[in-house]
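Listed below are the residues making up each chain.
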Amino acid sequence: MSVEKYTKSIDLSHHLSELSKARVISPLKGLNKYKSQPGILALAGVLRISPSLTYSVNVLVPESFALAPTESSTSLSWLWKLFGSHSATKEKTQAVTIPKYPAVDGEINLASSLQYGAAVAQTQLQVFLKHFISETGAPVQFRYNICCDDSHSGGREPLRRCATPARAYCAKSGLIPPPWQSMLPFNIKPVPVAMDGLGMKSDALETLLSQWDPVSRQMPRPHVMYIVPVGQNPSGSTMSIARKKQIYDICVKYDVIIVEDDPYYFLQLGTYTFKEDRSTGATPSGKPSADESKRYVSTLTPSFLNFDYEGRVIRLDTFSKTIAPGSRLGWFTCNPLFAERLQRQGETTTQAPCGFGQAILAKILTHWTYDGYIRWLRGVRTEYQQRRNFFIDCLAEEFHLHAVPAVAGVWEGCIVYQASSKVKKSTNMTEKYSTQNRTMFSFVPPVAGMFVWMRLHLDQHPSFAPGDEDTLETKLWTKLAENGVLFGPGWMFAANALAEDSDNNDSGHFRVSFSNVEFADLKKAVTIFGRVIREFFEEEDL
């Protein structure tokens, strides 16, 4: 789209917190706009000497990972093999080098990358990200800016910049700890919104906002919404286009800012099918190409940015789930007003993302090119898809899984797999567990992300009594940990620890990651889990 066709977003400055409004340009950072002037003699700042002359890494080629599941692709070392050597990984790699000084204008170099930087991305990374966003989900109605951050912690800044003390923000009922934990010291509290199989329910959001009573709630109506629409953590649900449009319209109606945190956006895995029903299908081209990039992007559910005609969406992206968690690098995409305020905040806190991290990532991405990075993302998605399938295949071998449609609750509209014991082989081949017909847990295979969210049917425990849910969940979690398996306990993911979903008053939850161990260890973990949970459901007393 040509520049002339862009329009300004509406005035949303009233959403800025008083703290955000009070931030001014850092005097030192304000000089950065002059540093790019040709021939400038920069004596105003403090430049440090670095011992680094050059920095070289062997990087995997973009097409390193297959686009269809393969039996040989079974090791999690694929994630950190990105920076491995050819001799160590037996993978096809290419050496990339970052010189101390640029040989040509605009070349990524250590002399500039390792100095005090701006709170936005280094130039080369900024250029790449703007092109990447324009191809994968940019708003088409208005100008937008991109601001780099230190990923996880910086990704919570939009909440603090827009939400004000003694106010609440909307969040789906299941939420990872960092967002709400980082808000509580500012007296900014999450208000859970009911979910179904597609994530946050639009009618529940409408009801919450339309019936908000500031007197009884002792705070004004929320004006910020935090949401993970793809691969919702921990449930793994993904919001449909229609649902996103409904929620966006409600946010327009009630003047709510949408903070779209989308770390799993490029890990959209598709629907799980049992191993015996699975077919590989046609394998797409393995080489990077513009046509394949367009085809891949067209399969992704659109971002809220695609529907944003007022500039009220602040989108958060990260390299943590697609390149390396330790890169600690992500970026915001939002209207210029919010981007400028986020930049001011960065200048006086973290100042800038790590220079080493930016230089290395920028070098890898520009070496790969846009189509190369898209090819990398396609391969990473296949790896996660295969790991999800393998983990659930292991559960299907260990338990009897009965598929039933959910008609209510957080999984409404999904196919739920209920797990009970199956006949176990023994010396006389006749041993059965008495828990064979007892549903011990259930889950919905995630369509995105890297977690399986298990609901524990604690009401089936022989000693269950209303109010014992937390005790029983903790007891089972402890037994698993003592036997060498560590799951995420469900209590960590409640947006409001005092508010429980009405359909979950007889259950506990575990979040299980299938991303960070070898396949053999995944199989071993499921075997241990099977033994421990069967023994647990046989116990008569706490």
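Before going into details, it helps to say that this report is about the structure given with it.

Conventions adopted
- Residues numbered from 1 in each chain as written.
- Predicted model: local features only at pLDDT ≥ 70, side-chain atom pairs only at ≥ 80, totals over all residues.
- Heavy atoms only, no water.
- Helix = DSSP H or I, 4+ residues; strand = E, 2+ residues; numbered from the N terminus.
- Expected span 1.5 Å × (residues − 1).
- Buried < 20%, exposed > 50% of the residue type's maximum accessible area, 1.4 Å probe, protein only.
- Contact = heavy atoms within 4.5 Å.
- Pairing = 2+ DSSP bridges.
- Phe/Tyr/Trp six-rings, centres within 6.5 Å; stacked < 30°, edge-to-face > 60°.
- Lys NZ or Arg CZ within 6 Å of the ring centre and 35° of its normal.
- Core = buried A, V, L, I, M, F, W, Y, C linked by side-chain atoms within 4.5 Å.
- Polar contact = N/O pair within 3.5 Å; in protein donor to acceptor, adjacent residues only side chain to side chain.

Further remarks concern helix 15 (residues 519–536). The first and last C-alpha atoms of helix 15 sit 25 Å apart over 18 residues, in line with the 26 Å expected at 1.5 Å per residue. Those residues of helix 15 that fall on the buried side of the exposure criterion are F519, L522, A525, V526, I528, F529, G530, V532, I533, R534 and F536. Those residues of helix 15 that are buried are in contact with helix 13 (355–398), strand 14 (441–443), strand 15 (451–456), helix 14 (469–482) and strand 17 (508–513).

Overall, antiparallel pairing links the 6 strands, which are arranged 12-13-14-15-17-16 in an open sheet. Strands with a single pairing partner mark the edges of an open sheet, and in this sheet they are strand 12 (400–405) and strand 16 (488–489). Bridge count for strand 13 (residues 415–420) against strand 14 is 3 bridges, and the pairing is antiparallel. Along strand 14, the bridge assignment pairs Y417 with F443.

Another aspect to go through is unusual backbone geometry. With an omega dihedral of 25 degrees, the bond running from N233 to P234 counts as a cis peptide bond. As for its position among the elements, P234 is in the loop between strand 8 (224–227) and helix 10 (241–253). The backbone of Q218 sits at a positive phi, close to 60 degrees, despite the residue not being glycine. When its relative accessible area of 70% is taken as the criterion, Q218 is described as exposed. Within the chain, D255 stands out as a residue other than glycine whose phi angle is a positive 55 degrees. Looking at the secondary structure, you find D255 in the loop between helix 10 and strand 9 (257–261).

Turning our eyes to something else, we now look at the packing of aromatic side chains. Throughout the structure, instances matching the rule amount to 27 aromatic pairs. Ring centres of Y265 and F266 lie 5.0 Å apart, and the angle between their planes is 90 degrees; on these two criteria the pair is classed as edge-to-face. Just as Y265 is buried, F266 falls in that class too. Seen from the ring of Y265, R315 lies directly overhead, with NZ or CZ sitting 4.6 Å from the centre.

Let us now look at the environment of A339. The topology assignment puts A339 in helix 12 (residues 336–347). For A339, a relative accessible area of 4% translates into the label buried. Residue contacts for A339: discarding those within four places in its chain leaves N145, C147 and C334.

Right, let's talk about the nonpolar core for a bit. Counting residues in each nonpolar core, the largest one holds 97 residues, and the members touching the most others are Y373, F391, L395 and F441. If you tally residues by element for this core, the top one is helix 13, at 18 residues. Those residues in contact with Y373 that lie beyond four places of it in its chain are F128, F132, F319, T322, I323, L365 and W368.

Turning our attention to helix 12. Taking 1.5 Å of rise per residue, the 12 residues of helix 12 would be expected to cover 16 Å, and the 16 Å separating its terminal C-alpha atoms lies within 8% of that figure. A distance of 2.9 Å separates the backbone nitrogen of L337 from a side-chain oxygen at the start of helix 12, and that oxygen is part of N335.

With respect to the helices, strands and loops of the structure, R378 is situated in helix 13. Separated by 85 residues in the primary sequence, R378 and S293 have C-alpha atoms spaced 9.0 Å apart. Separated by 3.4 Å, the side chains of R378 and E292 make a polar contact.

What follows is about the side chain of E310. Inspection of the secondary structure assignment puts E310 in the loop between helix 11 (290–298) and strand 10 (313–318). Taking relative accessible area as the criterion, E310 reaches 13% and is therefore assigned buried. A distance of 2.8 Å separates a polar atom in the side chain of E310 from a polar atom in the side chain of R312. Every residue in contact with E310, bar those within four places of it in the chain, is listed here: S9, I10, L12, Y248 and V252.

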